[in-house]
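Each chain, letter by letter, is given below.
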Amino acid sequence: MIRKVFLYIVVSIFSLFSLNNAYADGVVSQVVSAPIFANGTVRDIPSGINIYLQSDNDQGLDFMNPEVVGYGVSPGGSLEVEMISGFERNINVPLDDRSLLLTVGTPQQGLPAKVSGHTISQGHNRNTFVIKPTEFDSMMPEKLASPAKGVGFDQVQQRGIKIIHIGRHFAFVSRDEIGIVEVRFKDSGGNIIAKGRGEIKFLAEPRPQIFPTNVTHDQRNHNWQRLAPGQVVGVAQGTLPMPFLLFDKNEGIGNLGIYDAGVLSSQQLEELQYQLPESLTRYNGGLIIKDRNGDGILNPNKDIIIGGISNEVPEDSKGFQIVTPLVKEKPFLSKQTSDFNKRAGEAIGGSVMQVVAVVGDKIGLYRTRFSLLERLGDLTSPDGSSVTYTIVVE
């Protein structure tokens, strides 16, 4: 049965959630870089962030499950998003539907204000957004579905607010060490019925980035795909390859991609008789590698290791692996975004890497974290940017 999150009752106290030593509580699970900017969270650069929401029943990434209906705004109520500290307002950019976008999941499927029946304006201070329904019940959770072209083909359609994206038009610049945001849902009487606060540590300098994306396949949802044991995500009926948006280390607000990158699973590395160095043993699922010599073949001994894969699978499951798909018997490595979506390529740049997954023999959740090294090619580097995809085997 589809689970629902209603805002007509007070939400209970949430447990504390921490990520990379940054706190978040209440309806906020984490604050991260928006997935369309190379430097959305670099200090002294225009801010591009995503505020991930959660509920008391579905914490963290579990809230992104399409079977969980996200938040709505009660009739006559409002949603407030306040940039509490660490953000400098650019007063020349209004707080409207060009600088904030509500989305129904990750990768983000947008809820345009005019289509979804709400307005966005400045609140009681110049650092606060206010979102209000334009009709009595236009922001009921079940009504909040993205109008994106490919949504109708999703296995389970996302509904309800799950992520708040800030930075389409840059109304803020990231300052100081840390940015703090607060989200407040109010009823028709102006009473707070649910709220949360989160922080993000700004980067001192740019670093490579990996993000979830749906610029491929008309913005269909590539996360939380469902299939049977032993099938292949990206081959089984109704499933798609899982895509990522890649940005190399960019100075300023450029969006240069990482090209000719793909993955080798731990099973493929074993076949190549490659022994992971101690510094990379955290990558139990394989490596992300960039082709160095242009032969189109990935080799960990010759090419550039830029990151790795960490898998969490059901107990005693066997056979799960993430691999780069083959086209004409060669790995289909990352290419410029415009090759997949011309409009997205012009708007956000970067490159797109796709992978497929051979799922294991047990039912349950298969969760894979894809991480880039903070310093590409340096095997002693810690992880920098990362993204997690969830697969449901049933």
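Reading guide: rules and limits
Residues numbered from 1 in each chain as written. Predicted model: local features only at pLDDT ≥ 70, side-chain atom pairs only at ≥ 80, totals over all residues. Heavy atoms only, no water. 1 Å grid on protein atoms, 1.4 Å probe; cavity = no way out; pocket = protein on both sides within 12 Å on 5 of 7 lines; lining within 4 Å. Points joined across faces, edges and corners; volume = space filled by probe spheres on them. Helix = DSSP H or I, 4+ residues; strand = E, 2+ residues; numbered from the N terminus. Nonpolar A, V, L, I, M, F, W, Y, C, P; charged D, E, K, R; others polar. Core = buried A, V, L, I, M, F, W, Y, C linked by side-chain atoms within 4.5 Å. Buried < 20%, exposed > 50% of the residue type's maximum accessible area, 1.4 Å probe, protein only. Contact = heavy atoms within 4.5 Å. Pairing = 2+ DSSP bridges. Axes fitted to C-alpha atoms, helices over the stretch in contact; angles between N-to-C directions. pLDDT = per-residue confidence, 0-100. Salt bridge = Lys/Arg side-chain N within 4 Å of Asp/Glu carboxyl O.

Draft legend 1. Summary view of the layout of surface pockets. Taken as a whole, the second largest pocket holds about 820 Å³ of empty space. Every residue lining the second largest pocket is counted, 24 residues in all, and those nearest its centre are Leu101, Arg168, Asn214, Gln219 and Arg343. At the level of secondary structure, the elements contributing two or more residues to the lining of the second largest pocket comprise β8 (110–111) and α3 (342–348). Here the element with the most residues in the lining of the second largest pocket is α3; it accounts for four residues. In terms of residue class, the lining of the second largest pocket is built from 12 nonpolar, eight polar and four charged.

Draft legend 2. Just the nonpolar core, in detail. Membership of the largest hydrophobic core comes to 44 residues, with the highest contact counts inside it found for Ile51, Leu53, Leu79, Ile164 and Phe185. For this core, the secondary structure elements donating two or more residues are β3 (28–33), β4 (49–53), β5 (78–85), β7 (100–103), β10 (128–133), β11 (163–166), β13 (178–186) and β14 (192–201). With four residues, β4 is the single largest residue contributor to this core. With sequence-adjacent residues up to four places away left out, Ile51 is seen in contact with Val28, Gln30, Val81, Lys162, Ile163, Ile164, Ile166, Val181 and Val183. With 26 residues, the next largest nonpolar core counts Met242, Ile309, Phe370 and Val387 among its residues.

Draft legend 3. Spatial organisation of the sheet that holds strand β21 (residues 304–312). What the six strands build is an open sheet, ordered β16-β28-β27-β21-β20-β19; its pairing is mixed. Here the strands that pair on one side only, and so sit at the sheet edges, are β16 (225–227) and β19 (261–265). Adjacent strand axes in the sheet meet at a mean angle of 25 degrees, parallel and antiparallel pairs treated alike. Pairing of β16 with strand β28 (residues 383–393) involves three bridges; the strand directions are parallel. Across the sheet, residue Gln225 finds its bridge partner in β28, namely Ile391.

Draft legend 4. Spotlight on the sheet that holds β7. The strand order across the open sheet formed by five strands is β3-β4-β11-β7-β8, and the pairing between neighbours is antiparallel. Strands with a single pairing partner mark the edges of an open sheet, and in this sheet they are β3 and β8. With four bridges connecting them, β7 and β11 associate as antiparallel partners. Each residue of the ladder has a partner; that of Leu100, found in β11, is Ile166.

Draft legend 5. Molecular detail of the confidence of the model for the chain. For the chain, the mean per-residue pLDDT works out to 93, and 94% of the residues sit at or above 70. With pLDDT under 50 throughout, residues 1–21 is counted as low confidence; its partners more than four residues away or in other chains account for 54 contacts.

Draft legend 6. Geometry of the pattern of salt bridges. In the structure shown here, the tally under the stated rule is 16 salt bridges. Residues Glu67 and Arg226 are paired through a salt bridge, measuring 3.7 Å at the closest nitrogen-oxygen approach. Within this pair, whereas Glu67 is found in the loop between β4 and β5, its partner Arg226 is found in strand β16, the two being separated by 159 residues in sequence. Put simply, Glu80 and Arg184 hold a salt bridge, and the shortest N to O gap is 2.9 Å. Pair noted here: Glu80 is in strand β5 and Arg184 is in strand β13, with a separation of 104 residues, a long-range link. Its relative accessible area of 8% is what places Glu80 among the buried residues. It is possible to trace a salt-bridge network through shared partners that takes in Glu80, Glu82, Glu182, Arg184, Lys186 and Arg197.

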